[in-house]
Amino acid sequence: MRTVVSLFTGAGGLDIGFQNAGFEILAANELDPHACETYRANHPKTDVLQGPIEEHTKTLSSFKGVDVVIGGPPCQGFSVAGRMDPNDERSKLVFAFSKTVAALRPKAFVMENVKSLGTLEKFRDVRQQLLKDFEEAGYKVEARILNAKDFGVPQGRERVFFVGVQQDAYALSLRAIDNYRKSAPTLRDVIKPLGRAGSDSNSRTCNAKVTLAAKPVLRKSPYAGMLFNGQGRPLNPDGWSSTLPASMGGNRTPIIDENHLFDNAPSWVESYHAHLMEGGKPYSMHDTPKHLRRLTIDEAVRIQTFPIDYIFKGPQSKVFCQLGNAVPCGLAEAVARGLNDMLNGNLEYEIETGDNLELAI
């Protein structure tokens, strides 16, 4: 069984994918105490190193020669939802990842981050420095933008993955990951079996109210734009979720139409959007239908493809944050299986790269 050290672990979404692909997680490093508590509750055999990565350099060095290093350094400095500041202290943690790879000398590594790190011109210098660091440490590196919905996850979530293998030891081609593509179920398929919000199997509800915006911002799709106050957008149960953000828990939590989901009633969101597009006046916030409510924690667990019995620790806001920050387990498993094929020399391709974006270097 191939061994793994996990960095910037969070709740463990990337780790679960690797475990499902047959890897063993030896150690995990995470700063957030609530995420550490969550991780310990689900991975009792893994050595959890809580605190800043700089405080665990000596302990991490004891894992030199581990097969794989994985992790998703904080993305706030690169995210379009954040400041997009390459000088943000959190942005520099991608280099803490590359330094740890250089120190531990694994056979391979996987580093995940937001799409913008892999595509935007303003982060070109960061990308080139990362690639230089990895190459100087002895690795061949490729990067790809992958969308979770292409790998069985009911969520349109694009992320960049930097993958490297030791030079002269292994072949590298991220096309191997494409062999593990599969169709994603709809939200209706995934969350309807949980039952209505507040029921025993869907009990972890979000109490943030849903209110109509006095000045809605319209887009072509009723599931885009800003029909409601806050940044939480409605979800189409017959499609996939938009990216679940780490800021869920309040009015940025996505919105569900219970009647449309459970009673096969016409979509109120679509009807209201059509009314506005035809020139109708916005309704008062007091006219917001009662059957519109926020996504629950249990539903977010399913959308992120965590095991349904996965234990999350901490206040509700921290649990939502852990979920929004996580790599969807289904996507992580596809990456892990593709990497395993590279390490085993099994690089037969059944599927071309399709519409996945290449790294903008």
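Residues numbered from 1 in each chain as written. Predicted model: local features only at pLDDT ≥ 70, side-chain atom pairs only at ≥ 80, totals over all residues. Heavy atoms only, no water.

(A) Summary view of the overall build of the protein. What the protein contains, in helices and strands, is 13 helices and 13 strands. A globule of 361 residues ought to have a C-alpha radius of gyration of about 21 Å, and the protein, at 21 Å, matches this closely. Projecting the C-alpha coordinates of the protein onto the three principal axes gives extents of approximately 65 × 40 × 40 Å. With 361 residues in all, the protein has 53% of them scored as buried. Considering only residue pairs separated by 6 or more positions, the protein has 70% of its internal contacts joining residues 24 or more positions apart. On the protein, roughly 15700 Å² of surface is accessible, and the fraction owed to carbon and sulfur atoms is 48%. Here the protein carries 42 positive and 42 negative side-chain charges, and the mean point of each set is 4 Å from the other. (Helix = DSSP H or I, 4+ residues; strand = E, 2+ residues; numbered from the N terminus. Rg over C-alpha atoms; globule rule 2.2 N^0.38 Å. Buried < 20%, exposed > 50% of the residue type's maximum accessible area, 1.4 Å probe, protein only. Contact = heavy atoms within 4.5 Å. Areas by Shrake-Rupley, 256 points an atom, 1.4 Å probe, with all protein chains shown as cover. Lys, Arg positive; Asp, Glu negative; His and termini not counted. Charge placed at Lys NZ, Arg CZ, Asp CG, Glu CD.)

(B) Region of the structure containing the packing of aromatic side chains. Within this structure, the stated rule accounts for 11 aromatic pairs. Taken together, Phe 97, Phe 109, Phe 134 and Tyr 139 form an aromatic cluster joined through their ring pairs. (Phe/Tyr/Trp six-rings, centres within 6.5 Å; stacked < 30°, edge-to-face > 60°.)

(C) Expanded view of helix 1 (residues 13–20). Within helix 1, six of the eight residues are buried, which leaves the element mostly enclosed by the surrounding structure. Restricting attention to buried positions, one finds in helix 1 the residues Gly 13, Leu 14, Asp 15, Ile 16, Gly 17 and Phe 18. The inward-facing, buried residues of helix 1 abut strand 1 (3–7), strand 2 (24–30), helix 2 (33–42), strand 4 (68–71), strand 5 (108–114) and helix 13 (329–344). In the segment just after helix 1, Gly 22 is the residue with positive phi, at about 100°.

(D) Structural context of the side chain of His 273. Structurally, His 273 can be placed in helix 10 (residues 268–277). For His 273, the side chain forms a polar contact with the main-chain oxygen of Arg 219, separated by 2.7 Å. Filtering out sequence-adjacent residues up to four positions away, His 273 remains in contact with Leu 218, Arg 219, Lys 220, Ser 221, Pro 222 and Leu 227. (Polar contact = N/O pair within 3.5 Å; in protein donor to acceptor, adjacent residues only side chain to side chain.)

(E) View of the packing of helix 4 (residues 93–104) against helix 6 (residues 124–136). Where helix 4 meets helix 6, the axes come as close as 10 Å, and the angle between the chain directions of the two elements is 10°. What the angle tells us is that helix 4 and helix 6 run roughly parallel. Of helix 6, the residues touching helix 4 (which contributes Val 94, Phe 95, Phe 97, Ser 98 and Val 101) are Val 126, Gln 129, Leu 130, Asp 133 and Phe 134. Taken together, the residues of the contact of helix 4 with helix 6 break down into seven nonpolar, two polar and one charged. (Axes fitted to C-alpha atoms, helices over the stretch in contact; angles between N-to-C directions. Parallel < 35°, antiparallel > 145°, perpendicular 65-115°, else oblique. Nonpolar A, V, L, I, M, F, W, Y, C, P; charged D, E, K, R; others polar.)

These figures come from the coordinates and say nothing about function on their own.
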